[in-house]
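Listed below are the residues making up each chain.
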Amino acid sequence: MKLQMEAQLKREEREAEAQLLKEEREQAAQLKREEREAQQRKEERELRREEAQLKREEQEREAQLKREERETQLKREEQEREAQLKREEQEQEAQLMREEREAQLRREERELEARLKQQEIEANKVDQELPEEEGKWSRADGTRLTNTESLAKIEDKLQHLKGQQSADLTNLLRENASLFTDVPRRHRSVMHEVEVRDARPVKQSAYRDVRDGSPCA
């Protein structure tokens, strides 16, 4: 009986020890699971933070690119506006220069016409003052020259010259417009004779006295 009780106690002790060992192992396994879960949660939180950080950085880069694109667009628009304003200013300056040139040409034409009229008036006075025996001179075919018309449109006839050359020659011709009348006149400043014999005129017909047909001296 005593031996049976001792054996019973030993079995109970072994079972208790086994139960304790089992509980300890379960607790240890539980602790490990909890630690693993805690570690996983920690890693997940860190991963989410990293993803959020990457997302913020990506958004910042996109915002920076948009700002740079907007600034570039604004600069291009500003440059285009400046270029447009510059072109408009140049066009306005060119228009003003054309208008000034046209006004200058009109003034010069009016002045030339006035000088030619004055010269014609003075020439008529000279003709009236010449002695009657000198007669009046005209082209043999009775027509007039076109010097007045040519002087009025002298720029068109000098287009083959460069700008400064054309301007110099135009000024010279207009300053001496009295030498280019439509009807040749005579004066007593210089007297000369040109021996042409029977040569045919190259440029224009000879002028003759309408009274007796004698050539112009």
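Look a little higher up for the structure.
Residues numbered from 1 in each chain as written. Predicted model: local features only at pLDDT ≥ 70, side-chain atom pairs only at ≥ 80, totals over all residues. Heavy atoms only, no water.

**With respect to the overall build of the protein**
In step 1: Broken down by element type, the protein carries four helices and two strands.
In step 2: Helices (α) and strands (β) of the protein occur, in sequence order from the N terminus, as α-β-α-α-α-β.
In step 3: Counting the 217 residues in the protein, one finds 12% classified as buried.
In step 4: A separation threshold of at least 6 residues defines the contact pool for the protein, and within that pool the share at least 24 residues apart is 73%.
In step 5: Working note: accessible area of the protein is about 19,300 Å², and carbon and sulfur atoms make up 50% of it. (Helix = DSSP H or I, 4+ residues; strand = E, 2+ residues; numbered from the N terminus. Buried < 20%, exposed > 50% of the residue type's maximum accessible area, 1.4 Å probe, protein only. Contact = heavy atoms within 4.5 Å. Areas by Shrake-Rupley, 256 points an atom, 1.4 Å probe, with all protein chains shown as cover.)

**Observations regarding helix 4 (residues 163–175)**
In step 1: The end-to-end C-alpha distance of helix 4, which contains 13 residues, comes to 18 Å, matching closely the 18 Å that a straight helix rising 1.5 Å per residue would cover.
In step 2: All of the buried residues along helix 4 are S166, T170, L173 and R174. Down the axis of helix 4, the smallest arc covering the buried residues is 95°, so these residues share one side. Residues of helix 4 that are exposed and point over 90 degrees away from its buried face: Q164 and E175. (Expected span 1.5 Å × (residues − 1). Arc of directions from axis to C-beta.)

Treat this as a map of the structure, not an account of what it does.
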